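Working through the structure, step by step
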Amino acid sequence: KNEVEQSPQNLTAQEGEFITINCSYSVGISALHWLQQHPGGGIVSLFMLSSGKKKHGRLIATINIQEKHSSLHITASHPRDSAVYICAVRSYGNQFYFGTGTSLTVIP
Amino acid sequence: KAGVTQTPRYLIKTRGQQVTLSCSPISGHRSVSWYQQTPGQGLQFLFEYFSETQRNKGNFPGRFSGRQFSNSRSEMNVSTLELGDSALYLCASSFTGLTGANVLTFGAGSRLTVL
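Below: a short report on this structure. (Residues numbered from 1 in each chain as written. Chains lettered and ligands numbered in written order. Predicted model: local features only at pLDDT ≥ 70, side-chain atom pairs only at ≥ 80, totals over all residues. Heavy atoms only, no water.)

1. Section: the interface of chain A and chain B
So the rule is basically this: Two residues qualify as a contact provided that any one of their heavy atoms is within 4.5 Å of a heavy atom in the partner residue. Accessible surface is computed with a 1.4 Å probe, and the buried area is the amount of it that two parts give up when combined, taken over both parts together. Salt-bridge detection follows one rule: a side-chain nitrogen of Lys or Arg within 4 Å of a carboxyl oxygen of Asp or Glu. The definition of a polar contact used here is a pair of N or O atoms within 3.5 Å, where within protein one atom must be able to donate a hydrogen and the other to accept one, and adjacent residues in sequence count solely through side-chain atom pairs. Secondary structure elements are defined from DSSP: runs of H or I of at least 4 residues count as helices, runs of E of at least 2 residues count as strands, and each element is numbered from the N terminus.
Contacts between the two partners involve 16 residues from chain A, matched on the other side by 18 residues from chain B. When the two sides are added together, the surface that chain A and chain B hide from each other amounts to roughly 1,500 Å², 61% of it contributed by carbon and sulfur. Broken down residue by residue, the surface that chain A buries against chain B is led by A:Ile43, A:Phe96 and A:Phe98, which jointly contribute 35%. At the junction of chain A with chain B, the criterion picks out one salt bridge. On the surface where chain A and chain B come into contact, there are four residue pairs in polar contact (both at pLDDT 80 or more). Mapped by element, the contributors of at least two residues to the side of chain A that touches chain B are β4 (29–37), β5 (43–49), β9 (83–91) and β10 (96–98) of chain A.

Given below as structure tokens:
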């Protein structure tokens with residue numbers, strides 16, 4: 001049983017499209033992270049959320065603590081957004097659990 | 001401000017050997033966490049250190065160990081290497097306040113191949 005489930009696993013979009021990636025989790029959490037990983041391995045932290053909504057440029061992340069669900073939205077997608085997006089949660093027991101990632105390809 | 005530095009970036013070992021990986025956090029960050037990433041299992045949490053103390057540990061065998069020094073630099077060690085230990089090992093640092101939940105900054109990783 002995975003503590004963190006992401007959907008979709010793979011996503012192909014045309015440049016300019018609005019994209020949504022979903023994350024559901026089953027444990028009590030102190031924080032949820034959205035991470036971006038480009039080919040070659042480097043991971044960048046996009047957002048850390050414990051409630052509500054955060055926005056950074058074309059990226060928006062929301063979390064609903066009661067429903068144990070978070071979404072990452074990308075507005076006006078661009079080929080440079082092509083990457084794997086990973087949802088991770090920090091549980092109340094200070095364990096980290098990761099989703100399997102969503103591989104996004106944005107076609108020009 | 002320098003980022004998180006991991007060394008070595010690439011290494012090849014044979015089964016039965018041991019390996020030590022190093023992670024230098026961002027200046028001022030006191031928490032260092034380690035992760036293993038494989039194609040089959042994805043990202044998995046290894047352990048987290050704060051102020052030289054292991055705060056929590058993931059579900060890995062005792063062959064995996066780590067430590068943190070007074071300057072917050074951290075090392076992880078894997079003894080008696082197995083083929084399945086081939087992976088990208090990532091560390092992340094954060095400034096951990098009272099809540100214990102802060103933004104993570106990741107290093108580029110150490111890619112270990114076990115032959």
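2. Concerning the pattern of salt bridges
Keep this limit in mind: Exposure is judged per residue with a 1.4 Å probe applied to protein chains only, and the accessible area is read against the type maximum: over 50% gives exposed, under 20% gives buried, and values in between give partly exposed.
Going through the model one piece at a time under the given rule, you end up with seven salt bridges over all chains. With a closest N to O distance of 2.8 Å, B:Asp85 and B:Arg63 form a salt bridge. Here B:Arg63 lies in the loop between β6 (53–57) and β7 (64–68) and B:Asp85 lies in the loop between β8 (74–78) and β9 (87–94), a separation of 22 residues in the sequence. For B:Asp85, a relative accessible area of 4% corresponds to the buried category. Put simply, B:Arg73 and B:Glu75 hold a salt bridge, and the shortest N to O gap is 3.3 Å. A relative accessible area of 23% means that B:Arg73 is categorised as partly exposed. A relative accessible area of 15% places B:Glu75 in the buried class. Bridged by salt links that share partners, the residues A:Arg90, B:Glu48 and B:Arg55 form one connected network.

3. Re the nonpolar core
A general trend in soluble globular proteins is that nonpolar side chains are found buried together. Using the following cut-off: Among the buried residues, those of types Ala, Val, Leu, Ile, Met, Phe, Trp, Tyr and Cys that are joined through side-chain atoms within 4.5 Å form a nonpolar core.
Counting residues in hydrophobic clusters, the biggest one holds 24 residues, and the most contacted among them are A:Leu32, A:Trp34, A:Leu72 and A:Tyr85. Mapped onto this core, the elements with two or more residues apiece are β3 (19–25), β4, β5, β7 (59–64), β8 (69–74), β9 and β11 (102–107) of chain A. The next biggest cluster of nonpolar side chains, apart from the first, holds 21 residues, and it includes B:Ile26, B:Tyr49, B:Phe64 and B:Ala87.

4. Thoughts on the packing of aromatic side chains
So the rule is basically this: Side-chain rings of Phe, Tyr and Trp, where Trp is taken by its six-membered ring, are said to pair if the distance between their centres is within 6.5 Å; with planes under 30 degrees apart they count as stacked, over 60 as edge-to-face, and otherwise as tilted. A ring is considered to have a charge above it if a Lys NZ or an Arg CZ atom is located within 6 Å of its centre and within 35 degrees of its normal.
This structure, assessed with the given rule, holds seven aromatic pairs over all chains. Judged by centre distance (5.3 Å) and plane angle (55°), the ring pair of A:Phe96 and B:Phe45 falls under tilted. Highlighted residues: A:Phe96 in strand β10 and B:Phe45 in strand β5 (residues 42–50), drawn from two different chains. Accessibility assignment for this pair places A:Phe96 and B:Phe45 in one class, buried. Look at B:Tyr35 and B:Phe45: their rings are 6.0 Å apart centre to centre, the planes differ by 55°, and that puts the pair in the tilted class. Separated by ten residues along the polypeptide, B:Tyr35 in strand β4 (residues 31–38) and B:Phe45 in strand β5 bring together distant segments of the chain. Per residue, the accessibility class of B:Tyr35 equals that of B:Phe45, and both read buried. The ring of B:Phe50 has B:Arg55 sitting right over it, with the charged end atom 5.3 Å from the ring centre.

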